[in-house]
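# Reading the structure
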Amino acid sequence: MNLAIIGTGYVGLVSGTCFAELGHRVHCVDTDESKISALKKAQIPIYEPGLHELVEKNLHDGRLEFTTESGSAVQDADAVFIAVGTPSSRRGDGYADLSYVYQAAEDISKNLNGYTVIVDKSTVPIGTARNVCRIIRESNPGADFDVVSNPEFLREGAAVNDFLKPDRIIVGAETQRAADVMEAIYKPLLLEQRPFLLTNLETAEMVKYAANAFLATKISFINEIANLCEAVGANVVDVAKGIGLDTRIGKAFLQAGPGYGGSCFPKDTRALLRIAQENGCALRIVEAVVEVNEAQKARMVNKIRNAIGPDTIGKTICFLGLSYKQETDDMRESPALTIIPRLTEMGAKINAHDPAAAKSAKELLPEITIFDNEYEAACGADAVVLLTEWNQYGTLDLRKLKSMMKTPVFVDLRNLYDPKKMKEIGFEYYSVGR
Ligand code: NAD
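As a starting point, this report considers the structure included with it. All figures in this text were calculated on a predicted structure; none of them were measured in a lab.

### Quick notes on the pairing of strand β1 (residues 2–6)
- Counting buried residues along β1, four of its five residues qualify, which places the element largely inside the surrounding structure.
- Inspection of the sheet shows β1 paired to strand β2 (residues 25–29) by five bridges, in the parallel sense. Across the sheet, I6 pairs through a bridge with V29, a residue of β2.

Quick look at the structure:
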């Protein structure tokens, strides 16, 4: 089939490339000219393992094209995916900013040519697909189209695998014709028995928010349990194992840490709360999840302060990891963006290392010094704070690290190390919930 993807960011680029890999002919569209000209040369603007190879292969095979012109891409398409950003509104009220989605709908409407399915892949508040439908109908009354909701569940860092081996494909479609197109698009995955759930538009939109809110709930839950573990002398890593082995609970998303971040959980939990409020329906659990997450980041600042002593002025703290999780360069709502400014306000000097996020972190945290090497970053430090669980930080040469530091204080916000071994090496070691 011929597909157009509007928005070539983390989701649009991965989706478009993977659809090409499944055999479709795909035009990926973006308004960002520098991004598109780099992609035409197979230069990937994001860090996402396995993506570069697939982009290169599908560009070479002629199934994947990048363009800033949505017109011809939409005219040729059997289905047009909207994969633009839906950040929190700049007003700071938690609502999702839908201006990019509605602009994309306007752009699409002008170029529809024959029956076309418009697929909303962006995470959007319930009711948005119907609004997209209305915008297109008003702008182009003669157009033959259906609007479908097809939320995306890929995880950054594992996005290619998640897209090609999804736990489920959710499609909100209200005509058989549109559902048939969606089944044809996903046919190679349906042949592998990947679950395909057909719902109405509102349900599909709600599945995405409910899924993210539930996962955020698991994280905030284990973080609160971790805080209690610290108070009573229990070990949260073993508690998480102990409860996670219960198949009704499951072990995923039970790692205590500095709080969730990233481009989805923070904004999506906030947007869900606004949707609930507008509909006069309390979501007290999600409210608590958001509050606990903010408190967890503040708690990490206190943990670091307690480790280095009350006088932070002039102390050098080395951060290992800046992105919100490993295997991504995405800095959106990383706990680093809350924790580091609070420490610099208190007079601390921050050195840092991150294997992928250094470039975007430099723009967001201009006050810190970023090193190419983790040991250089730790040189002369009063404390090391392990913030992101990159594999390379779990296999550090600890004796070398210690020898380079001014004082051997190690704050492990991801519980990557064994407290007993750290003590044996001579570190003053702090972790989360142990
Ligand atoms: P992103 O910011 O990385 O990419 C969005 C892209 O859309 C940008 O490149 C921007 O230039 C482009 N764009 C904006 N308006 C456009 C227009 N009118 N025409 C063409 N291009 C346009 O965003 P993302 O992280 O890929 O997220 C996209 C959506 O997917 C969001 O709703 C997000 O919540 C959802 N989502 C994201 C993830 C994730 O892990 N990042 C996972 C699942 C769902």
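### Quick word on the layout of surface pockets
- Counted as a void, the second largest pocket has a volume near 480 Å³.
- If you trace the second largest pocket, you find 17 residues lining it, with D329, M331, K359, S360 and L364 closest to the centre.
- Top element by residues in the lining of the second largest pocket is helix α15 (residues 358–364). It accounts for four residues.
- Within the lining of the second largest pocket, the residues separate by chemical class into seven nonpolar, three polar and seven charged.

### Concerning the site of the ligand
- Near the ligand lie 26 residues; those nearest to it are V11, D30, K35, T86 and K267.
- Note that an oxygen atom of the ligand is positioned 2.5 Å from one of the side-chain N or O atoms of K35.
- Here an oxygen atom of the ligand sits 2.6 Å away from a polar atom, N or O, in the side chain of K267.
- With the chains in place, 89% of the 840 Å² that the ligand exposes on its own is no longer accessible.
- Among the elements of the structure, α1 (10–21) and α5 (99–109) are those that each provide at least two residues to the shell around the ligand.
- Among the residues forming the shell around the ligand, the class breakdown is nine nonpolar, nine polar and eight charged.

### Looking at the nonpolar core
- Counting residues in hydrophobic clusters, the biggest one holds 41 residues, and the most contacted among them are F19, F81, V117, M182, I185 and Y186.
- In terms of residues, this core owes the most to one element, α1, which gives six residues.
- The contacts of V117, once residues within four sequence positions are left out, are D78, A79, V80, D146, V148, A178, V181 and M182.
- Counting residues in each nonpolar core, the second largest holds 40 residues, with A105, A129, V132 and L273 among its members.

### Observations regarding the sheet that holds strand β12 (residues 383–386)
- Spatially, six strands are ordered β11-β10-β9-β12-β13-β14 in an open sheet, and the strand pairing comes out parallel. Of all strands in the sheet, those with a lone pairing partner are β11 (369–370) and β14 (428–430), marking the two edges.
- Relative to β12, strand β9 (residues 316–320) is paired through four bridges, and the arrangement is parallel. Looking at the pairing, F319 lines up with V385 of β12.
- Contacts between helix α13 (residues 284–308) and the sheet are confined to β9, β12, β13 (409–412) and β14, with β13 contributing the most and set at about 165 degrees to the helix.
- Those strands touched by helix α14 (residues 336–345) are β9 and β10 (349–353), and its axis lies near 175 degrees from that of β9.

### A word on the pattern of salt bridges
- Scanning the model with the defined rule gives 21 salt bridges in all.
- When the shortest N-O distance is used, the salt bridge between K303 and E230 registers 2.7 Å. Taken together, the residues K303 in helix α13 and E230 in helix α10 (residues 201–232) connect sequence positions 73 residues apart.
- Taking relative accessible area as the criterion, K303 reaches 11% and is therefore assigned buried.
- When the shortest N-O distance is used, the salt bridge between E294 and K297 registers 3.2 Å. Placement of the pair is E294 and K297 together in helix α13, with a separation of three residues, close to one helical turn.
- When its relative accessible area of 39% is taken as the criterion, E294 is described as partly exposed.
- For K297, a relative accessible area of 5% gives the class buried.
- Put simply, R130, E174 and E202 are held in one network by salt bridges that share partners.

### Here we look at the packing of aromatic side chains
- One pass over the full model with this rule turns up nine aromatic pairs.
- Taking the centre distance of 5.1 Å and the plane angle of 90 degrees together, the rings of F19 and F163 count as edge-to-face. Here F163 lies in helix α7 (residues 159–164) and F19 lies in helix α1, a separation of 144 residues in the sequence. Each member of the pair, F19 together with F163, is buried.
- Relative to W390, the ring of Y47 lies with its centre 5.8 Å away and its plane at 70 degrees, an arrangement referred to as edge-to-face. Residue Y47 is found in the loop between α2 (33–40) and α3 (51–60), and its partner W390 is found in the loop between β12 and α17 (398–404); the two are separated by 343 residues along the sequence.
- Assessed through its relative accessible area of 33%, Y47 is described here as partly exposed.
- Connected via pairs of aromatic rings, a cluster forms that spans F19, F81, F163 and Y186.

Here is what the cut-offs are and how they apply
Residues numbered from 1 in each chain as written. Predicted model: local features only at pLDDT ≥ 70, side-chain atom pairs only at ≥ 80, totals over all residues. Heavy atoms only, no water. Buried < 20%, exposed > 50% of the residue type's maximum accessible area, 1.4 Å probe, protein only. Helix = DSSP H or I, 4+ residues; strand = E, 2+ residues; numbered from the N terminus. Pairing = 2+ DSSP bridges. 1 Å grid on protein atoms, 1.4 Å probe; cavity = no way out; pocket = protein on both sides within 12 Å on 5 of 7 lines; lining within 4 Å. Points joined across faces, edges and corners; volume = space filled by probe spheres on them. Nonpolar A, V, L, I, M, F, W, Y, C, P; charged D, E, K, R; others polar. Near = heavy atom within 4 Å. Polar contact = N/O pair within 3.5 Å; in protein donor to acceptor, adjacent residues only side chain to side chain. Areas by Shrake-Rupley, 256 points an atom, 1.4 Å probe, with all protein chains shown as cover. Core = buried A, V, L, I, M, F, W, Y, C linked by side-chain atoms within 4.5 Å. Contact = heavy atoms within 4.5 Å. Axes fitted to C-alpha atoms, helices over the stretch in contact; angles between N-to-C directions. Salt bridge = Lys/Arg side-chain N within 4 Å of Asp/Glu carboxyl O. Phe/Tyr/Trp six-rings, centres within 6.5 Å; stacked < 30°, edge-to-face > 60°.

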